[in-house]
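Structural overview for review
Spelled out, the chains give:
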Amino acid sequence: MKILSINGSRRKQGNTEFLIQSILAPAKKKGVQVESIFLGDYSIGACTGCEGCSRSWECIIKDDFAQVVKKVDEADGIVLASPTYWYSVTSDMKRFIDRCYSLIQFPVNRKKWIGKYQGTEKVCVTAAVCEQSEASMIGNTMSLLTDFSKDIGLDVIETVKGLGFFEAGSIRADHNLLQKAETTGQNLFDLLKR
Ligand SMILES: Cc1cc2nc3c(=O)[nH]c(=O)nc-3n(C[C@H](O)[C@H](O)[C@H](O)COP(=O)(O)O)c2cc1C
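Being a predicted model, the structure only gives us computed values, none of them experimental. (Residues numbered from 1 in each chain as written. Predicted model: local features only at pLDDT ≥ 70, side-chain atom pairs only at ≥ 80, totals over all residues. Heavy atoms only, no water.)

**Some words on the overall build of the chain**
The helix and strand inventory of the chain stands at five helices and seven strands. N-terminal to C-terminal, the α/β element order of the chain is β-α-β-α-β-α-β-β-β-α-β-α. In terms of overall dimensions, the chain is globule-like: its C-alpha atoms have a radius of gyration of 16 Å, near the 16 Å expected for 194 residues. Principal axes of the C-alpha set define a box for the chain whose edges measure 50 × 40 × 30 Å. Across the chain, the centroid of the 25 positively charged side chains sits 3 Å from that of the 23 negatively charged ones. (Helix = DSSP H or I, 4+ residues; strand = E, 2+ residues; numbered from the N terminus. Rg over C-alpha atoms; globule rule 2.2 N^0.38 Å. Lys, Arg positive; Asp, Glu negative; His and termini not counted. Charge placed at Lys NZ, Arg CZ, Asp CG, Glu CD.)

**Quick word on the sheet that holds strand S2 (residues 33-38)**
The strand order across the open sheet built from five strands is S2-S1-S3-S6-S7, with neighbouring strands paired in parallel fashion. Single-partner strands in this sheet number two, and they are S2 and strand S7 (155-163). For this sheet, the mean angle separating the axes of adjacent strands, direction not counted, is 15°. Bridge analysis of strand S6 (residues 123-130) against S7 gives eight bridges, and the strand direction is parallel. Each bridged residue has a counterpart across the sheet, and for Ala 127 the counterpart in S7 is Val 160. Relative to strand S1 (residues 2-7), helix H1 (residues 15-29) is tilted by about 175°, and along the sheet it contacts S1, S2, strand S3 (77-83), S6 and S7. Those strands touched by helix H2 (residues 65-74) are S1, S2 and S3, and its axis lies near 140° from that of S1. (Pairing = 2+ DSSP bridges. Axes fitted to C-alpha atoms, helices over the stretch in contact; angles between N-to-C directions. Contact = heavy atoms within 4.5 Å.)

**Comments concerning the site of the ligand**
Taken together, 17 residues are adjacent to the ligand, and Ser 9, Thr 16, Thr 84, Trp 86 and Phe 165 come closest. For the ligand, an oxygen atom lies 2.6 Å from a polar atom in the side chain of Ser 9. Within the contact set of the ligand, an oxygen atom lies 2.8 Å away from a backbone nitrogen or oxygen of Asn 15. When the ligand is considered free in solution it has 650 Å² of accessible area, and contact with the protein chains removes 82% of it. Counting only elements with at least two residues in the shell around the ligand, the list comes to H1 and S6. (Near = heavy atom within 4 Å. Polar contact = N/O pair within 3.5 Å; in protein donor to acceptor, adjacent residues only side chain to side chain. Areas by Shrake-Rupley, 256 points an atom, 1.4 Å probe, with all protein chains shown as cover.)

**Description of helix H4 (residues 141-151)**
Among the residues making up H4, those that are buried are Thr 141, Met 142, Leu 145, Thr 146, Phe 148 and Ser 149. One side of H4 carries all its buried residues, which in axial view fall inside an arc of 165°. Buried residues in H4 make contact with S3, helix H3 (91-99), S6 and S7. Positive phi appears at Gly 153, one or two residues downstream of H4, with a value of about 100°. (Buried < 20%, exposed > 50% of the residue type's maximum accessible area, 1.4 Å probe, protein only. Arc of directions from axis to C-beta.)

**Looking at the environment of Tyr 87**
Its location among the elements puts Tyr 87 in the loop between S3 and H3. Between the alpha carbons of Tyr 87 and Leu 177 there is a distance of 21 Å; along the sequence they are 90 residues apart. Apart from the residues lying within four places of it in its own chain, the contact partners of Tyr 87 are Ser 136, Met 137, Ile 138, Gly 139, Asn 140 and Thr 141.

**Points about the packing of H3 against H4**
Interhelical geometry of H3 versus H4 gives an angle of 20° and a closest axis separation of 11 Å. On the basis of the axis angle, H3 is roughly parallel to H4. Taken as a pair, H3 and H4 cross one another with a handedness that is left-handed. Every residue of H4 that contacts H3 at Met 93, Lys 94 and Ile 97 is listed here: Leu 144, Leu 145 and Phe 148. Across the contact of H3 with H4, the residue classes tally to five nonpolar, no polar and one charged. (Parallel < 35°, antiparallel > 145°, perpendicular 65-115°, else oblique. Left-handed = near helix turned anticlockwise from the far one by under 90°. Nonpolar A, V, L, I, M, F, W, Y, C, P; charged D, E, K, R; others polar.)

**A short note on the side chain of Glu 17**
Assignment of secondary structure puts Glu 17 in helix H1. The charged side chain of Glu 17 is buried without a salt bridge, its nearest counter-charge being Lys 28 at 6.6 Å. A polar contact of 3.0 Å, which involves the side chain of Glu 17, links it to the side chain of Asn 7. Contact partners of Glu 17, with chain neighbours within four places excluded, come to Asn 7, Arg 11, Lys 12, Ser 36 and Phe 38. (Salt bridge = Lys/Arg side-chain N within 4 Å of Asp/Glu carboxyl O.)

Below, the structure written as structure tokens:
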């Protein structure tokens, strides 16, 4: 069993990372192979809309994107998480998601697509963090991460939201939320174990 976390924040000790680590904790305790990456450590350029991936499942732009997709290919479970930047995911996360256009194909017409991971039983948890406590301030962060994951064929089993966290690491004081995140991580582990 392999689990990969993908973080859209550049704050290594940030709230998103602590939330991710709580989700990963149960699997780590069981000795599962877990890899955590920050998209900001990779050079991933913008999708150019060239349609070069339209028949190949592969993006033709040569940068670090292929390295990250290889990790997704090899993982059984994915934790995809981002802080909210202006009501949405960070630009690192958005560039990654846009480049994953190569992970869907339109075999018949433009109205129906298939995701690369459809039928693979790869499972996913999505997570988002924002500063404001009012739910609307998270914007589309959570729905974008979740809808995207479903589109590429991942089975999104749960979503975890952290509202009201500004300073890096302040989320650690919210024991209830981190406990909920651990429960989600336990569910992820239990599902992958079967
Ligand atoms: C450029 C920028 C834009 C932000 N936009 C929002 C926003 O629209 N809504 C919100 O509630 N918080 C917003 N925030 C606050 C972050 O989501 C918050 O500080 C979060 O805890 C950062 O997560 P991290 O520690 O994992 O990086 C913004 C922060 C930055 C730097």
